Amino acid sequence: MTTSRPSGRQFPTDFLWGSATASYQIEGAFDEDGRGPSIWDTFSRTPGKVLDGDTGDVAADHYHRVPEDVAIMQDLGLAAYRFSIAWPRVQPTGSGEFNQAGLDFYVDLADRLIAAGIKPVATLYHWDLPQALEDEGGWANRQTALQFEKYARKLAEVLGDRIHLWTTLNEPWCSSFLGYASGVHAPGVTDDATALAAVHHLNLGHGLAGRAIKDVLGQDTPISVTLNLHVTRAATDAPEDVEAKRRIDTIANEVFLGPMLDGEYPKEVFADTEHITDWSFVLEGDLDLIQVPLALLGINYYSTGRVQQGTPAGGDGTPGPDGHRSSENSPWVGATNVEFLPQPGPHTAMGWNIEPQGLVDLLLEIHDRYPGIPMAITENGAAFYDEVSADGRVHDAGRVAYLHDHIDAVGEAIERGADVRGYFVWSLMDNFEWSYGYDRRFGVVRVDYDTLERTVKDSGLWYRELLRTNTIPTAESAAL
């Protein structure tokens, strides 16, 4: 795969370069040292839910390999590492007593990162809800948001000023709509009204958690949230296709941007979903609580979509338009009569199209709407079917080209005025890719799932050179 953009673009000297992971995807040690079960432990053990019956029981075994993994990060030259904290590891049932061994694990991780010159960026929730909370209704239950506030407060007390940036939620769109509408992610519920209740309580949990951290550590403590904002285009200028795009934008982006940044839900979402719910779960004062001041907006970007008025597809086992496994139930709640059209290639192993220009467009749009809020790319990367060559290396030219072009797109957006402060490649290492199990590899470091040996891929070597020089190297240099 060749690059479509020139090399050599330089970045600001204070630009923050990092990589990202998620607890359930890498940690393993699912039943050690007091960790309780999560919804992903339950979901992955349910026949047919995860490809090949894979689970995160061992994953990349990061729990036992922190010193080795931090040494790899240091060798790559990472300035920051975005990790998530497993709620059931530090509070096994999501309420009640906290687990000291779990808290100590993250204190140790943060201390090792700081000693290596790497800024810890902590995400409080990356989808592994304690199963006990799900048994009481999960994110559709307001009580989960209230428990999330207590969890965040405890972590602020324990981790203190070790954390460079606190992120409340990762991709609440996936948590709500893939988890409670299409059911292709844990907990596997397929109920539109439940999904919309989960949307609101995730928003509420974000606000409550952010406020709890500021209460403990001071009002200037930097809080962020990470959204997978969808870039969707209408197939034509026809009014019905423009309306199809509007419906997707509303349920994909605006149900989170609105309350978190504007202090209100878009009126269109109520009209689109009035046949599903009356939104009576939104209580007086909630929107004020949700709109906690943000130091930074995290954006995850992988691909784009194209829609027209038509019949929704799904149920045939192929990847859905959200980029994850398909279901007979759509995640696009309220967006009836919207059809996602095939995108031209090239595509990654996830079936996602590769379009760096979509990232430029997204960053400029968000900057124009919210010029006072800095942004960072908190996830960006590509899955390919990597192979170990005879020389023992992983020559992942497709991933190198993908990163080259998307990082250049970030640079273009900055040049055109967007306030982007950092970039975190997804992912540091190969891991459990949710409902695709271990079939898809995103890492710039290969994990041999039999031996758990780590091997830095060409993409990792290329990224290391970028971080060393602050200048985009040629894609070809990675294979040297």
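Please read all numbers here as calculations on a predicted model, not as lab measurements. (Residues numbered from 1 in each chain as written. Predicted model: local features only at pLDDT ≥ 70, side-chain atom pairs only at ≥ 80, totals over all residues. Heavy atoms only, no water.)

1. Let's talk about the overall build of the chain
Helices and strands together make up the secondary structure of the chain, namely 15 helices and 13 strands. Relative to the globule expectation of 23 Å for 480 residues, the C-alpha radius of gyration of the chain, 21 Å, shows essentially globular dimensions. Expressed as lengths along the three principal axes of its C-alpha atoms, the size of the chain is roughly 60 × 55 × 45 Å. Residue burial in the chain is summarised as follows: out of 480 residues, 61% are buried. Contacts spanning at least 24 positions in sequence make up 78% of the contacts within the chain whose residues lie at least 6 apart. Only carbon and sulfur atoms are counted for the fraction: they give 48% of the accessible area of the chain, which is about 17,200 Å². Charge-centre separation for the chain: the mean point of 36 positive side chains lies 3 Å from the mean point of 71 negative side chains. (Helix = DSSP H or I, 4+ residues; strand = E, 2+ residues; numbered from the N terminus. Rg over C-alpha atoms; globule rule 2.2 N^0.38 Å. Buried < 20%, exposed > 50% of the residue type's maximum accessible area, 1.4 Å probe, protein only. Contact = heavy atoms within 4.5 Å. Areas by Shrake-Rupley, 256 points an atom, 1.4 Å probe, with all protein chains shown as cover. Lys, Arg positive; Asp, Glu negative; His and termini not counted. Charge placed at Lys NZ, Arg CZ, Asp CG, Glu CD.)

2. A few points about the UniProt feature "active site" (unreviewed entry) in the chain
The positions UniProt marks with the feature "active site" (unreviewed entry) are Glu171 and Glu379. Annotated residues spanning 209 residues; largest pairwise C-alpha distance 10.3 Å, indicating a single compact cluster. Mapping Glu171 onto the fold places it in the loop between strand E4 (165-170) and helix H8 (172-180). Relative accessible area serves as the criterion here: at 6%, Glu171 is assigned to the buried category. Apart from the residues lying within four places of it in its own chain, the contact partners of Glu171 are Trp127, Thr226, Asn228, Asn300, Tyr302 and Glu379. Along the chain, Glu379 falls in strand E10 (residues 375-379). (UniProt positions renumbered as here; feature names shortened; annotations may be inferred.)

3. A few points about the pairing of strand E5 (residues 223-227)
Counting buried residues in E5 gives 5 out of 5 residues, a clear majority hidden from the surface. Of the two faces of E5, the one lined by Ile223, Val225 and Leu227 and the one lined by Ser224 and Thr226 are each fully buried. For E4 and E5, the ladder comprises 3 bridges, and the chain directions are parallel. Paired with Trp166 across the two strands is Ile223, which belongs to E5. As defined by bridge partners, E5 adjoins strand E7 (residues 296-300) across 4 bridges and the pair is classed as parallel. (Pairing = 2+ DSSP bridges.)

4. A word on helix H13 (residues 356-369)
In a regular helix each residue adds 1.5 Å, so 14 residues correspond to 20 Å; H13 covers 21 Å between its end C-alpha atoms and thus fits that length. For H13, the set of buried residues is Pro356, Gly358, Leu359, Val360, Leu362, Leu363, Leu364, Ile366 and His367. (Expected span 1.5 Å × (residues − 1).)

5. Remarks on the packing of aromatic side chains
Aromatic ring pairs are defined here through the distance separating the ring centres and the angle between the ring planes. For the structure on display, the rule yields 36 aromatic pairs. Look at Trp87 and Phe148: their rings are 5.5 Å apart centre to centre, the planes differ by 50°, and that puts the pair in the tilted class. Separated by 61 residues along the polypeptide, Trp87 in helix H4 (residues 87-90) and Phe148 in helix H7 (residues 142-159) bring together distant segments of the chain. Grouping residues by exposure puts Trp87 and Phe148 together as buried. (Phe/Tyr/Trp six-rings, centres within 6.5 Å; stacked < 30°, edge-to-face > 60°.)

6. Focus: the side chain of Gln25
Here Gln25 shows up in helix H1 (residues 23-26). Using a relative accessible area of 0% as the deciding quantity, one classes Gln25 as buried. From its side chain, Gln25 meets the backbone oxygen of Phe432 in a polar contact 2.8 Å long. A polar contact is formed between the side chain of Gln25 and the side chain of Trp434, at a distance of 3.4 Å. (Polar contact = N/O pair within 3.5 Å; in protein donor to acceptor, adjacent residues only side chain to side chain.)

7. Some remarks on the layout of surface pockets
To find the voids left in a structure, one rolls a probe of water-molecule size over its atoms. Space inside the second largest pocket adds up to approximately 220 Å³. Lining the second largest pocket are Asp14, Leu16, Val121, His164, Leu165, Pro222, Ala295, Leu296, Ala376, Arg421, Gly422 and Phe424. Sort the elements by how many residues they give to the lining of the second largest pocket and strand E11 (residues 420-426) lands first, with 3 residues. A per-class count over the lining of the second largest pocket returns 8 nonpolar, 2 polar and 2 charged. (1 Å grid on protein atoms, 1.4 Å probe; cavity = no way out; pocket = protein on both sides within 12 Å on 5 of 7 lines; lining within 4 Å. Points joined across faces, edges and corners; volume = space filled by probe spheres on them. Nonpolar A, V, L, I, M, F, W, Y, C, P; charged D, E, K, R; others polar.)

8. A look at the packing of H7 against helix H9 (residues 192-217)
Where H7 meets H9, the closest approach of the two axes is 8 Å, and the angle between their N-to-C directions is 25°. Taken together, the axes of H7 and H9 lie roughly parallel to each other. Where H7 crosses over H9, the two elements pack in a sense that is right-handed. Here Arg142, Ala145, Leu146, Phe148, Glu149, Ala152, Arg153, Ala156 and Glu157 of H7 come into contact with H9, specifically with His200, His201, Leu204, Gly205, His206, Leu208, Ala209, Ala212, Ile213, Asp215, Val216 and Leu217. For the contact of H7 with H9, the class distribution of residues is 12 nonpolar, 4 polar and 5 charged. (Axes fitted to C-alpha atoms, helices over the stretch in contact; angles between N-to-C directions. Parallel < 35°, antiparallel > 145°, perpendicular 65-115°, else oblique. Left-handed = near helix turned anticlockwise from the far one by under 90°.)

9. Details of the sheet that holds E5
Spatially, 8 strands are ordered E1-E2-E3-E4-E5-E7-E10-E11 in a closed barrel, and the strand pairing comes out parallel. Across the sheet, the axes of successive neighbouring strands diverge by a mean angle of 25°, strand direction being ignored.

10. A look at the packing of H9 against helix H10 (residues 239-262)
Their axes nearest at 10 Å, the elements H9 and H10 cross at an angle of 35°. In terms of crossing hand, the pair formed by H9 and H10 is right-handed. Every residue of H10 that contacts H9 at Leu196, Val199, Asn203 and His206 is listed here: Ile251, Val255, Phe256, Pro259 and Met260.

11. Digging into the UniProt feature "binding site: substrate" (unreviewed entry) in the chain
Summarizing the sequence annotation, UniProt attributes the feature "binding site: substrate" (unreviewed entry) to Gln25, His126, Asn170, Tyr302, Trp426, Glu433 and Trp434 in the numbering used throughout. Tracing the backbone through its elements, the reader meets Trp426 in strand E11. Classification of Trp426 by relative accessible area gives buried; the value is 3%. The residue Glu433 is located in the loop between E11 and strand E12 (445-447) in this model.

12. A closer look at the pairing of E4
Summarising burial for E4: 6 of the 6 residues are buried, a large majority. Pairing between strand E3 (residues 119-125) and E4: 4 bridges, direction parallel. The partner of Thr123 across the bridge, within E4, is Thr167.

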